[in-house]
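# Topology and contacts: notes
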Amino acid sequence: MHTTTAEVHRDAWGIPHLRADGPRALARAQGRVTALDRAWQLEVERHRAQGTSASFLGATALAWDVFARRARLADTARRCFAALERQDPETADWVRVYTEGVNEGLAEGARRAPEFAGTGLAPGHWEPWHPLGVWLGAHILFAGFPAKLWREHVVRRLGPGAAELFATDGPGTSGSNGWLVSGARTVTGQALIAGDPHRFIEDPGVYQQIRLACPEFDVVGLAVPGVPGIAHFGHTGTVAWAITNAMADYQDLYRERLRRTGAGIEALGPDGTWRRAARHTETVEIAGEAPVEVEIVETDRGPVIAGGPEGLAGLSGLQGPTPGGPGNPAGPQGSALSQSSASRERPEGSGGPERPECRDRLDRLHRQDRDPLQGPDDRPRPDDSLAHPVALSLRYPPRVTGDLGFGALLPLLRARRVGDVDRAFDAWAEPVNVALAADTEGGVLHRVAGRVPLRAPDNRLRPVPAWEPGHDWQGRHEPPRAGLADGVAVMANQRGPAAPLGVEFAPPHRADRIRALLAERAVWSAGDMPAIHTDTHLASAAPLLDHLAALDGLSPAAARLRDRLLRWDRHMDAGSEDAGAYAAVRTAVVRRLAAHPVFAALAEPPAYPEVFLPWLALVPRIGHALENLLGARELYGIDRPAIVRAAVEEAADRPATTWGERHRLAAWRALPDAGAPYDEPGLAGDHDCVLCTSAVPGLTDLAARGPVARYVWDLADRENSRWVVPLGADGVPGAPHHHDQLALWTAGDLAPVVTDWARLTKETDL
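So, here is what we can say about the structure in this document. (Residues numbered from 1 in each chain as written. Predicted model: local features only at pLDDT ≥ 70, side-chain atom pairs only at ≥ 80, totals over all residues. Heavy atoms only, no water.)

## Some words on helix H8 (residues 147–158)
Taking 1.5 Å as the rise per residue, H8 with 12 residues should run 16 Å; its terminal C-alpha atoms sit 16 Å apart, in good agreement. Most of H8 sits out of view: nine of its 12 residues are buried. Of all the positions in H8, only Ala147, Lys148, Leu149, Trp150, Arg151, Glu152, His153, Val154 and Leu158 are classed as buried. Looking at the buried residues of H8, the elements they touch are helix H9 (161–165), strand E9 (252–256), strand E15 (391–395), helix H14 (457–461), helix H20 (600–603) and helix H21 (618–624). (Helix = DSSP H or I, 4+ residues; strand = E, 2+ residues; numbered from the N terminus. Expected span 1.5 Å × (residues − 1). Buried < 20%, exposed > 50% of the residue type's maximum accessible area, 1.4 Å probe, protein only. Contact = heavy atoms within 4.5 Å.)

In structure tokens form, the structure reads like this:
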């Protein structure tokens with residue numbers, strides 16, 4: 001029995017404020033209250049980390065489970081925890097105590113959550129490595145290594161220049177806005193940090209508003225359910241920090257030559273030697289269907305995540321494409337449109353196909369799928385140097401180093417000044433982020449945090465041959481740093497301090513717009529920040545509008561629509577019919593470009609596992625690269641004015657709608673039909689707006705991705721800070737605090753951060 005005590009208090013929004021007599025008791029309380037509020041979410045994430053989610057979610061989760069098994073996510077998390085026990089026993093013990101708290105609260109939390117009864121799932125038992133598995137599972141696709149497959153696909157079909165045309169942060173990446181305003185530019189003389197992380201919007205939400213207080217520290221912030229502490233966004237009272245995705249490239253794909261021998265499997269190394277690869281089989285259970293056996297192979301480079309000795313078609317792993325798949329994707333994250341746990345990491349609009357009985361499907365895949373390097377007659381293409389079947393292995397830092405960066409978590413909670421945050425981020429591993437921090441003594445920080453390996457430039461661009469020398473890792477980059485300009489720092493996934501570490505970054509529009517807005521006033525207050533959060537100006541509309549301006553000879557209706565769009569203020573406001581009309585024209589342009597014979601070779605993606613197909617889907621790729629494709633001097637002879645002309649004529653014949661009618665929230669749910677329904681509102685914003693609610697032009701205008709939280713950290717007075725999440729603090733459908741923040745979030749408003757214990761309601765002792 002533990003003898004330490006903890007208290008749970010709640011504010012008016014049901015946000016838990018925890019107070020304990022030490023960090024261990026606080027970690028236990030955090031685990032327990034998270035289990036009470038979000039038992040279903042915790043168990044889904046644990047099973048995803050283990051590759052066992054199909055056992056209760058069914059075949060829709062199979063593709064993810066196979067990837068998780070083959071990528072060795074659970075084994076990597078175990079290794080990292082074992083290393084943490086050796087190197088940082090205090091943090092390892094703190095993580096262990098958190099899982100003990102989860103186990104104490106899980107049964108009670110499961111009784112509150114209808115999804116358990118709906119699936120027949122019994123709450124399981126959390127082991128100390130599970131939080132590391134949750135973290136790894138949430139971020140393994142964060143850096144978008146499947147984009148290397150798309151880049152190679154495009155170059156092979158259209159030539160080297162094509163990769164730059166499609167270079168953008170969409171559709172598979174996660175991003176954020178963040179900005180720091182120094183005390184010289186605020187009404188209080190103390191700094192402000194504000195922003196909003198952009199990810200797929202999930203129900204329950206991906207961030208948990210929470211306060212963790214003990215004699216050693218008192219921190220409010222946004223926690224990741226299933227992981228102790230407050231990693232990404234926090235305020236200790238004297239120092240605050242926030243992060244955005246640095247868009248760094250730190251994972252590599254290797255083409256492997258494998259062969260079977262009497263003793264197992266061998267892989268050809270860069271020295272010309274065949275070496276034994278680790279091999280075993282695992283069985284993936286599927287609710288309502290026969291289980292699937294998966295062969296797990298790992299070379300000296302890393303786990304084999306696609307293919308095997310027989311090539312990409314020769315190893316169970318749910319290779320695609322399949323009928324109804326990426327050529328006709330179902331929608332965001334599988335879809336807010338096709339709701340599947342397996343497809344959460346997918347870019348918007350790139351969901352999976354209709355799924356027949358799994359065993360039949362695997363048999364069909366083995367018969368039909370072919371190596372993407374082979375021609376239609378199964379012979380290697382003449383211009384390819386590879387004459388053997390190939391597989392793909394993945395090399396990712398924690399698999400190599402045994403470190404997920406959990407050593408940063410306790411130091412962040414204990415931070416008092418910017419220097420403390422800086423030292424904590426020295427231990428950060430992944431995902432690689434750009435961090436901002438400020439303290440009450442005027443200190444500021446703007447740096448990259450995370451580990452990016454040093455290796456050949458080709459490793460960043462495409463899958464590289466494992467049998468050729470020169471592609472190994474040689475240490476790691478020193479994290480870049482930056483300063484402030486005119487008293488502000490802005491991070492919005494653009495080419496900033498992390499530029500030397502990445503390949504594709506977000507267009508500069510969000511960052512430029514935030515800087516321009518901040519330049520409009522000499523000084524700012526915390527209450528002014530929502531005006532920046534909710535700005536809807538769409539700078540990337542310019543190339544399409546330029547094409548429209550050059551058209552003549554339109555029908556009267558199309559001419560009226562063109563003239564109206566040329567008068568439009570370029571704001572993607574929910575109530576704007578002009579924004580809705582622009583979206584209709586944009587959709588028609590994207591679809592017509594995607595159907596052009598020039599891009600026919602890209603319409604059928606290579607035979608990679610289904611979990612990667614979203615990065616290879618043509619329509620989302622064209623939709624997110626539309627600005628580049630329309631603005632390029634030449635586009636393979638495509639008559640773009642004719643396409644825009646046909647698109648505006650088509651849109652002119654359609655009924656007028658507001659943008660909000662087209663652009664509605666489409667949150668992802670592991671079990672779509674569980675719980676009480678609620679209205680999902682029409683939204684303002686778009687992919688390149690500061691209010692980044694992403695549609696998938698050409699496929700759907702529904703928004704599956706957007707701000708999963710908004711925050712303002714005020715260093716003058718923490719109680720003057722504000723925050724909001726898309727739904728609410730409670731993960732249980734129908735609970736009073738399940739989606740009580742939705743109206744605030746939709747309107748661009750924020751809830752106050754309350755830290756006065758007298759204004760909170762004590763719920764219980766733990």
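## Describing the packing of helix H4 (residues 73–87) against helix H5 (residues 89–112)
Where H4 contacts H5, the axes come no closer than 6 Å and their chain directions differ by 130°. It follows that H4 is oblique to H5 by the angle criterion. Residue-level inspection shows Phe81, Leu84, Glu85, Arg86 and Gln87 of H4 in contact with H5, the latter providing Pro89, Thr91, Ala92, Val95 and Arg96. For the contact of H4 with H5, a count of residues per class yields five nonpolar, two polar and three charged. (Axes fitted to C-alpha atoms, helices over the stretch in contact; angles between N-to-C directions. Parallel < 35°, antiparallel > 145°, perpendicular 65-115°, else oblique. Nonpolar A, V, L, I, M, F, W, Y, C, P; charged D, E, K, R; others polar.)

## Concerning H5
Under the 1.5 Å per step criterion, the end-to-end length of H5 is 35 Å for 24 residues, consistent within 8% with the ideal 34 Å. Along its length, H5 shows its largest kink, about 45°, at Leu106. (Bend = angle between axes of the 7 residues up to and from the residue.)

## Things to note about the pairing of strand E3 (residues 175–181)
Taking burial as the measure, the seven residues of E3 include seven buried ones, the bulk of the element. Burial along E3 is two-sided: Gly175, Asn177, Trp179 and Val181 and Ser176, Gly178 and Leu180, pointing in opposite directions, are all buried. Where E3 lies against strand E4 (residues 192–200), seven bridges are found, and the strand directions are antiparallel. Of the residues in E4, the one forming a bridge with Gly175 is His198. Relative to strand E19 (residues 488–491), E3 runs antiparallel, the two being bridged by four bridges. Along E19, the bridge assignment pairs Leu180 with Ala489. (Pairing = 2+ DSSP bridges.)

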